[in-house]
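Examination of the molecular architecture
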Amino acid sequence: DFSSNPSPAIGDMDGDGDEDIIVADANGDLYYFENIAGPNMEFEFAPAVAQYFSINPGPNARPEIFDFNQDGLGDLIVGVRQVSEEDGELGNVNYYENLGSVGEPQFNSDASAEPNTITFGNVNTRIFGSATGSASPKLQMINESEFVLLTGMESGQVQFYKAEIANPVDTFALIDPAVGQIEVGRFSTVDFADIDNDNYFELIVGNMRGGLNVYNTFINIWGDISSTKDIEEESLLTIFPNPSDGYFNIHGIEIGSSIELRNHLGQIINGFSLHEGRVDLSNFASGIYYLNFHSSGKSRTYKLIKL
């Protein structure tokens, strides 16, 4: 059983073509669930392997499965709150290279022993003036040799890095220290994909109090930001009060924007109005709604909580 606060990641750990699961708990212990079904089959998992290879990067670890050295085996990329007292760095990312073979993953639990490292890409999510930091990395290849890394932070923000596959101790380029000025609440976690096939990544961001926020971004699938200025301008749009029992005031909406209201299932809802900068949901049932704004070929989604 997990102690508490489980943090799962999915990926092909053993290189056999199907997706396995690794889970970290609040104590930093890892649990491995091997998918024994085979490629393109319904998931079937072997019993959990607890305290996997005795890897324990510390409390509140956030794992990711990613084939960093491109050998066909999933390596472990683990976000941590603190790496060691001797260097005093916080909110870093550990790298554990998979030393095994297809069907037989193998890891060295010593994060400081090469080819492992406790300073993967020199990622550091601690912000100035804070006593602690916490990383929750997600990685994705964008071409044959480059990848992007996004990570949540204890501050609630999201960092964006880009690098080439090389040495795990090389410093990754920090492209944006606070993507879209997102700040959802402490201990943010992030995942990303091009959900709507517009060649731009969407972000799904969680936090310690629960719930998920979905964002459109200007980070394209080639790992470039189309316009940092556009991101900053979009972030000026504000909605308040939120939650609300009826009226939501909207400031910063561009004239001529098209608007959609969707329920928690993503279904478009008709019959709402936007008048003088206010959305009236007084006659709608309590729950979570999503307001989509479309303007100048771009879109952004905001969550509304109707009381």
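The shown structure was predicted, so the numbers you read here are calculated from the model rather than taken from an experiment. (Residues numbered from 1 in each chain as written. Predicted model: local features only at pLDDT ≥ 70, side-chain atom pairs only at ≥ 80, totals over all residues. Heavy atoms only, no water.)

Let's talk about the nonpolar core
Considering soluble globular proteins, one finds that nonpolar side chains tend to be buried as a cluster. Ranked by size, the top nonpolar core spans 17 residues in total, and within it Met13, Ile22, Leu30, Tyr52, Leu76, Tyr96 and Phe107 carry the most contacts. At the level of secondary structure, the elements contributing two or more residues to this core comprise strand 2 (20-24), strand 3 (30-33) and strand 5 (75-79). Apart from residues lying up to four places away in sequence, Met13 is in contact with Asp20, Ile22, Tyr32, Tyr52, Ile65, Leu73, Gly74, Leu76, Asn98, Pro105 and Phe107. In this structure, Val179, Ile182, Tyr215 and Ile225 belong to the second largest nonpolar core, which totals 16 residues. (Core = buried A, V, L, I, M, F, W, Y, C linked by side-chain atoms within 4.5 Å. Buried < 20%, exposed > 50% of the residue type's maximum accessible area, 1.4 Å probe, protein only. Helix = DSSP H or I, 4+ residues; strand = E, 2+ residues; numbered from the N terminus. Contact = heavy atoms within 4.5 Å.)

Details of the pattern of salt bridges
Side chains that differ in charge, positive against negative, can pair when their charged atoms come close. Within this structure, the stated rule accounts for five salt bridges. Beyond isolated ion pairs, a larger network of salt bridges with shared partners links Arg81, Glu154 and Arg186. (Salt bridge = Lys/Arg side-chain N within 4 Å of Asp/Glu carboxyl O.)

Considering the environment of Ser101
Mapped onto the elements of the fold, Ser101 is located in the loop between strand 6 (93-96) and strand 7 (136-141). Taking the C-alpha atoms as reference, Ser101 lies 9.7 Å from Asp16; in sequence the two are 85 residues apart. Sequence-distant contacts of Ser101, defined by excluding residues within four places in its chain, comprise Asp14 and Leu73.

Considerations on the confidence of the model for the protein chain
Confidence in the prediction for the protein chain averages 85 pLDDT; 87% of positions are at 70 or higher. Segment residues 83-87 is flagged for pLDDT under 50; beyond a separation of four residues in sequence, or across chains, it makes seven contacts in the model. Here residues 228-236 scores under 50 on pLDDT; set against residues more than four positions off or in separate chains, the count is 14 contacts. (pLDDT = per-residue confidence, 0-100.)

What to know about the sheet that holds strand 7
If you walk across this open sheet you meet the four strands as 7-8-9-10, and the pairing is antiparallel. Looking at the sheet topology across the chains shown, the edges are occupied by strand 7 and strand 10 (173-176). The average angle at which neighbouring strand axes cross in this sheet is 30°, direction not considered. In this sheet, strand 8 (residues 146-152) lies alongside strand 7 in antiparallel orientation, the contact comprising six bridges. (Pairing = 2+ DSSP bridges. Axes fitted to C-alpha atoms, helices over the stretch in contact; angles between N-to-C directions.)

A look at unusual backbone geometry
Omega for the bond connecting Phe240 with Pro241 falls within 30 degrees of zero, at -15°, which places this linkage in the cis form. Residue position: Pro241 is located in the loop between strand 14 (238-240) and strand 15 (247-251). For the peptide bond that leads from Asn242 to Pro243, omega is 15°, which places it in the cis range. Looking at where Pro243 falls in the secondary structure, it is placed in the loop between strand 14 and strand 15.

A short note on the pairing of strand 6
Residues of strand 6 alternate between two faces, with Val93 and Tyr95 on one and Asn94 and Tyr96 on the opposite face, all of them buried. As judged from the four bridges shared by strand 5 and strand 6, these two strands associate in the antiparallel manner. Directly across from Ile77, in strand 6, lies its bridge partner Tyr95.

What to know about the packing of aromatic side chains
Under the defined criterion, the tally for this structure stands at 14 aromatic pairs. Taken together, a centroid distance of 4.7 Å and an interplanar angle of 75° make the contact between Tyr52 and Phe53 edge-to-face. With relative accessibility at 4%, the residue Tyr52 sits in the buried group. Classification of Phe53 as partly exposed rests on a relative accessible area of 27%. (Phe/Tyr/Trp six-rings, centres within 6.5 Å; stacked < 30°, edge-to-face > 60°.)

Some thoughts on the environment of Glu44
By the element assignment, Glu44 lies in the loop between strand 3 and strand 4 (62-66). Spatially, the C-alpha atom of Glu44 lies 9.4 Å from that of Phe33, the residues being eleven residues apart in sequence. Every residue in contact with Glu44, bar those within four places of it in the chain, is listed here: Glu34, Asn35, Ile36 and Ala37.

As for the sheet that holds strand 2
An order of 1-2-3 is seen for the three strands of this open sheet, with the pairing classed as antiparallel. Looking at strand neighbours, the two that pair on one side only are strand 1 (7-11) and strand 3, the edges of this open sheet. Averaged over all adjacent pairs, the angle separating strand axes in this sheet is 20°, with direction ignored. Strand direction decides the pairing type here: strand 1 and strand 2, joined by five bridges, are antiparallel. The residue bridging Ala9 from the neighbouring strand is Ile22, located in strand 2.

Overview of the side chain of Glu97
Looking at where Glu97 falls in the secondary structure, it is placed in the loop between strand 6 and strand 7. Although Glu97 lies buried, it forms no salt bridge, and the closest oppositely charged side chain, Lys138, sits 20 Å away as judged by the N-O distance. (Lys, Arg positive; Asp, Glu negative; His and termini not counted.)

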